[in-house]
Amino acid sequence: MLSAQSTPVVRATLPAVEASLPAIAERFYQRLFDEHPALLGDLFNRANQANGSQREALASSIAAFAQLLVEHPEERPDAILARIAHKHVSLGITPDQYTIVGRHLLGAVAETLGEAVTPQVAAAWDEVYWLMANALIAMEARLYTHAGVEGGDVWRKMDIVERREESAHAVSLTLRSPGQEPAPPFLPGQYVSVRVALPDGAHQIRQYSLCSAPGSTSWRITVKREKATGSGAPDGEVSSWLHAHAHTGDTLDVSLPSGDLALHDTDTPLLLASAGIGVTPMLSMLHHLALSSSTRRIHVVHADRSPAHHIHRQEQAELVTRLKNASLHLWYENGAGTLTGPEASEGTVNLDRLSLTPETDAYLCGPLPFMRALRSDLLDHGLSASVIHYEVFGPDLWQSR
Ligand SMILES: Cc1cc2nc3c(=O)[nH]c(=O)nc-3n(C[C@H](O)[C@H](O)[C@H](O)COP(=O)(O)OP(=O)(O)OC[C@H]3O[C@@H](n4cnc5c(N)ncnc54)[C@H](O)[C@@H]3O)c2cc1C
Ligand code: HEM
């Protein structure tokens, strides 16, 4: 809880901080990377830095946290924190790094807002930062303990035992621990981080959802290659590297599994809705449901450009047929007519066909416009926001924009 003396100060300065978030974020990263260049080369995602739009995730989450502290001090901020803590754990973030980040973030606020940052204002925002930092540090410590590792010790060598081209754009890699050790366990819907050494000497880290059956001795990830666009955006660094260089017999640096999108084991009806490469977390959930012979009412929805783009189409269909009460609904922008079977339609997802009930638990994964459209449809169908779970394949900005 924020102290009585800081609460009015934070409330009064929050609008100015929010209005200056892009400038604060820019200064923060400039200061941080000037002093610690290796953090940009080896820890932070440099594409997120270069394409600009996603630089504000860290600073804006602190503003959101501050808002909660002053407007709803009785609410626990666990939902905001859990996603960040899981992401940090998948990167091996340690408590000492919070001191460095705090110094540069608070320094950036002071430099950006200038004289408005009196000693009293600086102290109030220092308190906000450390409330959030300590809550994250505690949550991350619990996650490290739960995984049975020392704080930050999440990186493991994994052998690639199989490489499979799924389509012109996607490749699957099956990973095993060296020796006879089974791969560490994971919850359906979780991801791992993969770290690769790039030709310029930098190490870059990206996350990939585990799309195999939880509990099996190996893991599988499926990586879609991010191609350069005509508008000047370059090829994606890590996905292109994996497509070009990751082969059977090679070894990869992979983190322990993490992520808060894990499937809740209840008997409520379930909607698993994905688009494009967003199918990956849904597959591990489907494997889990099939292995546990679930009798839940399950609607599996998937949208894609065409049947040829639909990765793991056959496996998804087979898993659905193994489930007693599950149905599959596919929507393709093109080419649905080439398929036989009643489940494929041309166009975009239309939930009216599904007869969803308000107690349905919904899991979404795909591009932001797809998830935003579905979420608003689901709210219209009577689902409450608390049962709509989602995974964003990038920094989580979907509720702020
Ligand atoms: C929890 C989670 C799970 C995920 N699961 C999967 C999964 O199962 N499968 C999967 O394929 N992906 C998954 N992702 C996405 C994955 O982590 C990567 O983001 C993806 O592979 C792209 O990484 P990259 O290094 O290839 O591209 P990056 O190099 O990160 O580039 C990303 C984008 O930024 C653009 N860009 C880069 N530099 C610039 C610049 N200077 N100017 C303008 N634009 C620029 C690139 O063109 C590209 O479009 C997941 C992400 C998360 C967070
Ligand atoms: C109170 C302090 C902090 C807050 C509020 C915070 C917040 C965030 C948020 C919101 C994200 C994006 C999560 C997502 O949606 O994917 C993120 C990611 C990340 N954070 Fe933190 N963070 C803090 C401290 C730190 C520290 C101490 C480090 C280590 C130097 C760090 C390193 C990272 C990295 C590397 C990412 C991944 C994004 C990228 O690579 O661009 N963070 N953090």
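No experiment lies behind these values; they were computed from the predicted model shown. (Residues numbered from 1 in each chain as written. Chains lettered and ligands numbered in written order. Predicted model: local features only at pLDDT ≥ 70, side-chain atom pairs only at ≥ 80, totals over all residues. Heavy atoms only, no water.)

For the protein chain, the domain assignment lists domain 1 (6-147), domain 2 (155-255) and domain 3 (270-391). The C-alpha-based centres of domain 1 and domain 3 are spaced at 35 Å. (Domains from an automatic or database assignment.)

Quick look at the side chain of Gln190 now. Secondary-structure assignment places Gln190 in the loop between strand E2 (170-176) and strand E3 (191-197). Residues contacting Gln190, with those up to four places away along its chain left out, are His86, Ser209, Leu210, Pro257, Ser258 and Gly259. (Helix = DSSP H or I, 4+ residues; strand = E, 2+ residues; numbered from the N terminus. Contact = heavy atoms within 4.5 Å.)

What follows deals with the state of the cysteines. Each disulfide consists of a covalent bond between the sulfur atoms of two cysteine residues. Under the counting rule described, the total for this entry stands at 0 disulfides. Left unpaired, Cys365 is separated from the closest cysteine sulfur, that of Cys211, by 12 Å. Residue class for Cys365 comes out buried when judged on its relative accessible area of 0%. (Disulfide = S-S within 2.5 Å. Buried < 20%, exposed > 50% of the residue type's maximum accessible area, 1.4 Å probe, protein only.)

A few words on unusual backbone geometry. A positive phi angle, near 65°, is found at His312, a position not held by glycine. Within the secondary structure layout, His312 lies in the loop between strand E8 (298-304) and helix H11 (313-322). The phi dihedral of Ser355 is positive, around 45°, even though this residue is not glycine. Mapping Ser355 onto the fold places it in the loop between strand E10 (344-346) and strand E11 (361-365). Residue classification places Ser355 among the exposed positions, given a relative accessible area of 63%.

Ranked by internal contacts, the top residues of the largest apolar core, which has 50 residues, are Val10, Trp125 and Val128. Residue assignment for this core shows that the elements contributing at least two residues are helix H1 (6-19), helix H2 (21-35), helix H5 (57-71), helix H6 (78-91), helix H7 (95-113) and helix H8 (119-147). The element best represented in this core is H8, accounting for 11 residues. In contact with Val128, other than residues within four places in its own chain, are Leu2, Val10, Ile62, Phe65, Ala66 and Leu69. Ranked by size, the runner-up nonpolar core spans 25 residues in total, among them Leu283, Met285, Ile298 and Leu328. (Core = buried A, V, L, I, M, F, W, Y, C linked by side-chain atoms within 4.5 Å.)

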